[in-house]
Amino acid sequence: MNNGEMLILFLITLIATIFFTWYVKRILLKARIADSPIVSEHRHKRGTPTMGGIAFLFTISLIISLYYQNTPILILSFIMLIGGIVGLVDDLIGLKIKEVQKIVVNISDEVITLGRLDVEPQEEVRVATPKAKSEVDKFLQQGKVEVVGEVPIKTEPGELEKIICQIVIGLFLGLTGVITTLGGFELGILAIPVVIIGVIGSINSVNLIDGMDGLAAGIVGIASIACCVYGYLFGPLTIIPPFLILAGLCLGFLVFNKHPASIFMGDTGSFVLGTGYAAAVLLCDIPYFGVLALGVPIISVIVSLLHRAHIIKLPVEPLHHTLNHYGMSEIKIVLTYWGSTVVLCIVGILAKMYIF
């Protein structure tokens, strides 16, 4: 593709995503398919339509119809479509409420331990773990806590079911046979497991970071634009088109998803972006820069894993919600994460230019 054709590809993706997001938002509002945040700091977002990633599926279908003769774009689009369908199933299952959890505030003058959390005076927490649920009645009777609200918890597939679906996505990409080398190494029989690991890692990184207005779309958009710059500077230029599609999807969605967001992407959208980013990095064979550019979500996943392994303790998971819990504004968090992604991308480009 020449420069003009790549520009057309980007504009088609961008404009189509803007239109389809607007269209899907109208449908979701009429159907009353809306988010119900479990983080107390985000209660004001209740009623914002979710599952906006459906717009991505429309755009990707359009790209397939226009560029079906371009094998890399076709494979990328095909894999993103599969990822989006898996995410859509997750979102549809999540429409059913599994349980309603209490939100309590510490009204005593001392720090109390509820579950795994040390709750400061006047601090609000959600009673989520079995241990916390067994202890909360005692504190209510003692007059140390007070129920200030309730949040519905959506039904989710089990962790095993999620991983199996993500493995299948990676398997489909691996079975195309187009990914044979990565980072200067011939993969041989390791191609499929390496691809599966890459897809699982990317999906979970993007999915976990999707918790604030414009956070996931902004980070993946910045990383994708940086990968385009990387391809332009260091070649080959075939690196650019897959990431232009991702950048167009992200920037188009940000028109409605930037703060204050009027629509959320849901698992449908985060699975599309996570799957697409992994596929683009693997297809274009830029694993080192690709991983670095997605460093912020990857670090967030590591922090969450340390929390779940009881190595560290977070009042709210993931990390960006913890920062919000301790008083950092959502806008500041999003800009910090975006800025950190820009810095990592610049470091990667400069390192490639002057070191490697």
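Residues numbered from 1 in each chain as written. Predicted model: local features only at pLDDT ≥ 70, side-chain atom pairs only at ≥ 80, totals over all residues. Heavy atoms only, no water.

### Some thoughts on helix H9 (residues 266–284)
So, point 1. Look at H9: 27 Å from first C-alpha to last across 19 residues, which is about the 27 Å you get at 1.5 Å a residue.
So, point 2. Within H9, 18 of the 19 residues are buried, which leaves it mostly tucked inside the rest of the structure.
So, point 3. A positive phi of about 55° marks Asp285, the residue just after H9. (Helix = DSSP H or I, 4+ residues; strand = E, 2+ residues; numbered from the N terminus. Expected span 1.5 Å × (residues − 1). Buried < 20%, exposed > 50% of the residue type's maximum accessible area, 1.4 Å probe, protein only.)

### Details of the nonpolar core
So, point 1. Among the nonpolar cores identified, the biggest contains 79 residues, and Leu173, Phe243, Leu273 and Tyr277 are the most heavily contacted of them.
So, point 2. Once residues within four sequence positions are removed from consideration, Tyr277 is found in contact with Ser202, Val220, Ala223, Ser224, Cys227, Phe243, Leu246, Gly290, Ala293 and Leu294.
So, point 3. Among the nonpolar cores identified, the runner-up in size contains eleven residues, and Val104, Leu114, Ala132 and Val145 belong to it. (Core = buried A, V, L, I, M, F, W, Y, C linked by side-chain atoms within 4.5 Å. Contact = heavy atoms within 4.5 Å.)

### Observations concerning the sheet that holds strand E5 (residues 145–154)
So, point 1. Pairing is antiparallel in the open sheet, where three strands are placed in the order E4-E1-E5. The open sheet has two free edges, formed respectively by strand E4 (124–126) and E5, since each of these has just one partner strand. Put simply, the sheet's adjacent strands are angled 25° from each other on average, direction ignored.
So, point 2. Relative to E4, strand E1 (residues 97–106) runs antiparallel, the two sharing three bridges. Each residue of the ladder has a partner; that of Val104, found in E4, is Val125.
So, point 3. Here helix H4 (residues 130–142) sits on the sheet in contact with E1 and E5, set at roughly 155° to E5. (Pairing = 2+ DSSP bridges. Axes fitted to C-alpha atoms, helices over the stretch in contact; angles between N-to-C directions.)

### What about the environment of Leu246?
So, point 1. Among the secondary structure elements, Leu246 is positioned in helix H8 (residues 240–257).
So, point 2. Here Leu246 falls in the buried class, since its relative accessible area comes to 0%.
So, point 3. When the C-alpha atoms of Leu246 and Gly188 are compared, they prove to be 28 Å apart, with 58 residues separating the residues in sequence.
So, point 4. Dropping the residues within four chain positions of it, Leu246 is found in contact with Met80, Ser224, Leu273, Gly276, Tyr277 and Ala280.

### Here's the deal with the packing of helix H7 (residues 215–234) against H8
So, point 1. Running from amino to carboxyl end, H7 crosses H8 at an angle of 150°, the nearest separation of the two axes being 8 Å. Considering their axes alone, H7 and H8 lie roughly antiparallel with respect to each other. Helix-helix and strand crossings are classified by hand; for H7 and H8 the assignment is left-handed. Taken together, the residues of H8 that come into contact with H7 (itself represented by Ala217, Gly218, Val220, Gly221, Ser224, Ile225, Cys227, Cys228, Gly231 and Tyr232) are Ile240, Phe243, Leu244, Leu246, Ala247, Cys250, Leu251, Phe253, Leu254 and Asn257. (Parallel < 35°, antiparallel > 145°, perpendicular 65-115°, else oblique. Left-handed = near helix turned anticlockwise from the far one by under 90°.)

### Things to note about the side chain of Ser304
So, point 1. Within the secondary structure layout, Ser304 lies in helix H11 (residues 295–308).
So, point 2. Those residues in contact with Ser304, other than ones at most four positions away along the chain, are Leu208, Glu317 and Pro318.

### Looking at the pairing of E1
Strand residues, when the strand is regular, have side chains that alternate between the two faces of the sheet.
So, point 1. Note: E1 against E5, nine bridges, orientation antiparallel. When the sheet's bridge partners are listed, Asn106 is paired in E5 with Val145.

### Regarding unusual backbone geometry
So, point 1. Note the cis peptide between Gly235 and Pro236, where omega equals -5°.
So, point 2. The topology assignment puts Pro236 in the loop between H7 and H8.
So, point 3. A positive phi angle, near 65°, is found at Met51, a position not held by glycine.
So, point 4. Its place among the elements puts Met51 in the loop between helix H1 (3–31) and helix H2 (54–67).
So, point 5. Under the relative-accessibility criterion, Met51 is labelled buried at 4%.
So, point 6. The phi dihedral of Asp285 falls on the positive side, at around 55°, and the residue is not glycine.
So, point 7. Structurally, Asp285 is set in the loop between H9 and helix H10 (287–293).

### Let's talk about the packing of aromatic side chains
So, point 1. One pass over the full model with this rule turns up eight aromatic pairs.
So, point 2. With 5.3 Å between their ring centres and 65° between their planes, Phe19 and Phe20 make a pair best called edge-to-face.
So, point 3. We classify Phe20 as buried; its relative accessible area is 17%.
So, point 4. Relative to Phe289, the ring of Tyr230 lies with its centre 4.7 Å away and its plane at 20°, an arrangement referred to as stacked. With Tyr230 in helix H7 and Phe289 in helix H10, this residue pair connects regions lying 59 residues apart in the sequence.
So, point 5. Here the aromatic residues Phe19, Phe20, Trp22, Tyr23 and Phe58 are joined through ring pairs into a cluster of three or more.
So, point 6. Against the face of Phe139 rests Lys138, its NZ or CZ located 4.8 Å from the ring centre. (Phe/Tyr/Trp six-rings, centres within 6.5 Å; stacked < 30°, edge-to-face > 60°. Lys NZ or Arg CZ within 6 Å of the ring centre and 35° of its normal.)

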